[in-house]
Structure formats: structure tokens, C-alpha cells
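This is what each chain is made of:
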Amino acid sequence: MLEVTGLHVAYGGIQAVRSITFHVKEGELVALIGANGAGKTSTLKAIARVIDAVGGDVHFCGEKISRLPPHDIIRKGIALVPEGRGVFPRLTVAENLAMGAFVRDDKAGIANDIEKMYAYFPRLKERETQLAGTLSGGEQQMLAIGRALMSRPKLLLLDEPSMGLAPIMVQKIFEVVRAVAAEGMTTLLIEQNAKLALEVSQRAYVMESGEVTLNGESAQLLNDPKVRAAYLGE
Amino acid sequence: MDIFLQQIINGLVQGSIYALVALGYTMVYGIMGLINFAHGEVVMIGTLVTITVAGLLIKVGMPVALAGLAGLIAAILCCMALGWGLERIAYRPLRNAPRLTPLITAIGMSIVLQNLAMIIWGRNYLTFPPLLPKMDFEFAGANFTLVQVVIVLVSAATMGGLLFLVYRTKLGMAMRATSQNPAVASLMGVNINRVIAAAFVIGSALGAVAGVMVGTYYEIAHYQMGFMLGLKAFTAAVLGGIGNLAGAMLGGVLLGLIEALGAGYIGDLTGGFLGSHYQDIFAFVVLIVVLMFKPSGLFGEKTGDRA
């Protein structure tokens, strides 16, 4: 479904991503793990066209999307939950969710999906009319995920959903990530928390200094001595 | 007491004009952090277009009210096109330039538009055709005219329309989202270029309405009239908290009141040393005081963007 070939991202003279190649098949939950600065976020941003890649191609459902303007990516069915959440602080929770459905026109369907998000995250329902800037970090992460799902994407890109959150919040958020994936949502997950990412995903790619150094079934990577030493603190 | 009430009325009228113009500054600033110093000139062009169109139509025998309406519509359309063109030609190429660059460009565009207007309409004062019948009212010893009533009502209705657009429509929501986080708004499918263009076009339409009101009120117009009006409306926007719609409205009305009351009492307060023609002082004293003590303006506080 998603094919990334030879993707290359640079900031000025600094190479963030050096020609990486990977793919995500329909219905899969794939993780991209690696240390801080390995190029994970840059990869995701380049796929979502937030930044320009220097080289390489991104194909989605057989169509080349690496030259599209950023506001057309969501219309192709790709929704990104950005690093740091990026909620609209002075819009209410309900308005943030409605913004997620900006590309849709079916009012009834949108209202329906907002209720669905409240079912995933009851906390958001309680805070419906509050400004998003007043939510806690975990609540903002819930909102950012709900907002992304509101576009009814074919592919969900999650950038560090556990970042800066209390363990209990991380657990809640990953319950939903798992549930959404179980319903058939194709997901590409980026995580620094390698253990968590390998536990929820079916396959994973390990990134180091802008390159994929390992890949395979998550269950196998979880038992790989190299991975255990480098990312699982053993 | 009479003079107090009288000046309150005058201040409200002037203030509602400031408020409409201030909205044009604040909308553009809110979305892209640019102070569009050419906005005063957009207002001026609105006034002058109305003089030409309404004057011509009256000359060929169209009823005054109808000609006035046609003039207003022509002014709105011209100003919208002008606002769109300004953004497209002058500001869009500088979107990623350092902040000082578009600011200086804005001042440059202001000069260009003034000179363009001078070439088209000449350097003399032009008479604005009387579009509304002369009617006077009296209330508790203060006088006001039909023109003043219409100005306050039209500006209130226009601002109501703007609030509806911004808070109740999809475009408005996209505008608010873009002003808060343009990168994420584009992830949601918002075409940022279109939203920015919309802010310019809508702000310019409000400016056109203000321009027609200024012309109707003072019955005179000139290619340089936008400069002082623009500066004062900018002051009003800063007073209310630039980037904030309610702030621009309140700031405009407040500035009108401060000026009117100041002009009404300055003679008494200085024993006749300074007369009411010093009224322009007040706006800029307000600007300096706001910038010194509360640069974020009345409503300009950032709400918690925590986490």
C-alpha cells in the first residue's frame, strides 16, 4: 500500500535520511524504531509532504505522491498524527475533531464519527467544549489521534504517540492504537519506546543515522540480541 | 453634559469606522503575522471608486440611493480584487523571507497605491456625492445625523457578518486553525494559500465598506486620506490586541471615543492653549502607552498552549 524507495531527506548540508526503502502492506501495523535523531520523524514528514525530500519516491496505492502539495495528502487517504501532537490550542475539542474531517462533506457521517472518537476516548467527550490548549499532554495526544481518524484515512501515520506522557496515558493510547489497527487500519508507527512498538506491531524497521539497519517480524526483533542490547536496555 | 454625550456619539461613529479598518489589519496579522501597511490605501481606493461610480450613475440620472449602492458594490469588488492582487504579487513571493522584508514591501505598496490613485484621481480634494438625505436628530441635548446612525448600524452589521463567517463556517474554522498552526492545518487538507488570500480579500471588503462610510461622513476624499486612517486603525488593532477580532472591534470603538472626548475637552484642560485640531495626538499617545505597558493589547493574551 505504501512504498518508500530510496527516500533521502536533508536539512541544509545535514543528511537526516539517507536513501531508505521500506513498505507497509494493507492492514499491517508497521513500526519504525530507532534512537533520537535516527531520521524517523523526517521520514514521516517527507511521506506526508510537510517537508520536501531531496530524492527518492513515495508511492501510495500505486500512485506517486512524493510531488503532491501537502494539503492533498489527506485527500489520498493518509493522515499524520504529528510529533508533539499539534492540536489547535484555541479551538475546542469538538472543533479540532471537525477540522480532522475538513476534507469530508457528509455532515451526518462526520457527526457519527465524532461520537465514535468519544467512544474511543471518553475523556474527550467530557472536555468537548474546552479549548484544546487547556488539555493535558495525554488528552491532547488522544485528540490528535481522534482528529486524524476523522478523515477516515486508509493509512495512519503516528509520530511518537508516547512522547512525554505518563505510563498510564501511554497504555490508554496504545490500547486505542491496537483497537484501531485490529479494525483493519493500516498503520505506520514511529516510536522511541522500542519495546512498546515491537509489542503492538507485526513488522518493524530499525533506523540508525538515517538508514534502515534491521528489519523483520516484530516478535523476532524483540528477541534479537542486537536489538535487545541497543534499544531494550539489556 | 451636552458636550460629553455629543462627543460620545461622535466617538462611536468614528470608532466604528476605525473598527472596520482595524479588522483588516488584524485578520492578516492573525493568519500570517504581517502588518499590511497598504491596507489604509485599500480603504482610500474604496472611497475614490465610489466617488467615480456613484458620481457617474447620478449624472446619468440614476436615483441617488441606487447609485450609492452600486458605488458601494463597485468599491467592495475593486478592493477585494486589490487585496487579492496585493497578496499574490507583493507578499506571497516573500512568504519565507525574514519578517522585515514583507513589512517594508507593505510600506512600498502603500506608496505605490497612493501614487497610482494620484495619477488616476488627481491630487485635489474630491467631493463625495451626498448618498443619504440630510436628517438631524436630537437626543438629550446632543445632535446626530442620519449618516451617523447608518454608519454605526452598517458597521455593526458588517462585523456581525464577519463573526458569523469566522466562527460558524468551515472557511472560518480553517482560518482559525491556520492562524494557530499552519503546518498542521495543511495536514488536515487546508490549502494555506487560499486561506491567506481569503483573509486579504475579506479584510479588503471590510475596508471598502469603511471607505464608503468615511466618504459619506466627511463628504470629501483625497489620495492621501488612507495614510492617517490606516495608522489610526492600526493603533486600534494594537490597542485591542493585534490578531484578535473582538480586540480590533473594541479597540476601534475605544480609540474613537478617546479621540472624540480628548478633542472635546483638550481646549478646556489646557486653558485654550491646545485646540480640538490636536485630536490626532490622542491616537498616537494611546499607541505609545499600549506599547509601553501592555504590548499584547487588551485581548492579546496568549491562552495556555501547554504540553
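Data block above holds the structure.
Reading the values: rules and limits
Residues numbered from 1 in each chain as written. Chains lettered and ligands numbered in written order. Predicted model: local features only at pLDDT ≥ 70, side-chain atom pairs only at ≥ 80, totals over all residues. Heavy atoms only, no water. 1 Å grid on protein atoms, 1.4 Å probe; cavity = no way out; pocket = protein on both sides within 12 Å on 5 of 7 lines; lining within 4 Å. Points joined across faces, edges and corners; volume = space filled by probe spheres on them. Helix = DSSP H or I, 4+ residues; strand = E, 2+ residues; numbered from the N terminus. Nonpolar A, V, L, I, M, F, W, Y, C, P; charged D, E, K, R; others polar. Salt bridge = Lys/Arg side-chain N within 4 Å of Asp/Glu carboxyl O. Buried < 20%, exposed > 50% of the residue type's maximum accessible area, 1.4 Å probe, protein only. Axes fitted to C-alpha atoms, helices over the stretch in contact; angles between N-to-C directions. Parallel < 35°, antiparallel > 145°, perpendicular 65-115°, else oblique. Left-handed = near helix turned anticlockwise from the far one by under 90°. Contact = heavy atoms within 4.5 Å. Phe/Tyr/Trp six-rings, centres within 6.5 Å; stacked < 30°, edge-to-face > 60°. Lys NZ or Arg CZ within 6 Å of the ring centre and 35° of its normal.

Caption draft 1: Quick look at the layout of surface pockets. Within this model, the second largest pocket holds a volume of roughly 450 Å³. Taken together, 16 residues make up the lining of the second largest pocket; nearest its centre are Ala98(A), Lys107(A), Ile110(A), Lys170(B) and Met173(B). When residues of the lining of the second largest pocket are traced back to their parent elements, those giving at least two are α3 (93–100) and α4 (107–120) of chain A together with α5 (146–168) and α6 (170–180) of chain B. Broken down by element, the lining of the second largest pocket gets its largest block of residues, four residues, from α4(A). By residue class, the composition of the lining of the second largest pocket is eight nonpolar, one polar and seven charged.

Caption draft 2: Examining the pattern of salt bridges more closely. Residues and elements named next belong to chain A. With the rule as written, the count across this model stands at 20 salt bridges over all chains. The partner of Asp113 in a salt bridge is Arg152, with the nearest N and O atoms 2.8 Å apart. One end of the pair, Asp113, is in helix α4; the other, Arg152, is in the loop between α6 (137–149) and β7 (155–159), with 39 residues separating them in the sequence. Between Arg127 and Glu139 there is a salt bridge; the shortest N-O distance is 2.9 Å. Here Glu139 lies in helix α6 and Arg127 lies in the loop between α5 (122–126) and α6, a separation of 12 residues in the sequence. Taking relative accessible area as the criterion, Arg127 reaches 24% and is therefore assigned partly exposed. Linked by salt bridges that have partners in common, Arg104, Asp106, Asp113 and Arg152 make up one network.

Caption draft 3: Summary view of the packing of helix α1 (residues 2–32) of chain B against helix α2 (residues 39–59) of chain B. All names here are of chain B. Interaxial distance between α1 and α2 falls to 10 Å at its minimum, and their mutual angle equals 135 degrees. With respect to their mutual orientation, α1 and α2 come out oblique. α2 is crossed by α1, and the crossing has right-handed handedness. Residues Val21, Gly24 and Tyr25 of α1 touch α2, and the partners they reach there are His39, Gly40 and Val43.

Caption draft 4: How the structure looks around the packing of α5(B) against α6(B). Residues and elements named next belong to chain B. Orientation of α5 relative to α6, taken along the N-to-C sense of each, is 75 degrees, at an axis distance of 5 Å. Our classification of the angle between α5 and α6 gives roughly perpendicular. Touching Leu165, Val166, Tyr167 and Arg168 of α5 are Lys170, Leu171, Gly172, Met173 and Arg176, all from α6. Taken together, the residues of the contact of α5 with α6 break down into five nonpolar, one polar and three charged.

Caption draft 5: Focus on the packing of aromatic side chains. Applying the stated criterion across every chain yields a total of seven aromatic pairs over all chains. Both rings, one in Phe22(A) and one in Tyr205(A), keep their centres 5.4 Å apart while their planes meet at 55 degrees; by these two values the pair is tilted. Residue Phe22(A) is located in strand β2 (residues 14–24), and its partner Tyr205(A) is located in strand β9 (residues 203–208); the two are separated by 183 residues in the primary sequence. Take Tyr205(A): its relative accessible area is 4%, and that puts it in the buried class. Among the aromatic residues, those joined into a cluster by ring pairs are Tyr25(B), Phe37(B) and Phe234(B). The ring of Phe88(A) has Arg147(A) lying over it, and the distance from NZ or CZ to the ring centre is 5.1 Å. If you follow Lys170(B) out to its NZ or CZ, it ends over the ring of Phe102(A), 5.1 Å from the centre.

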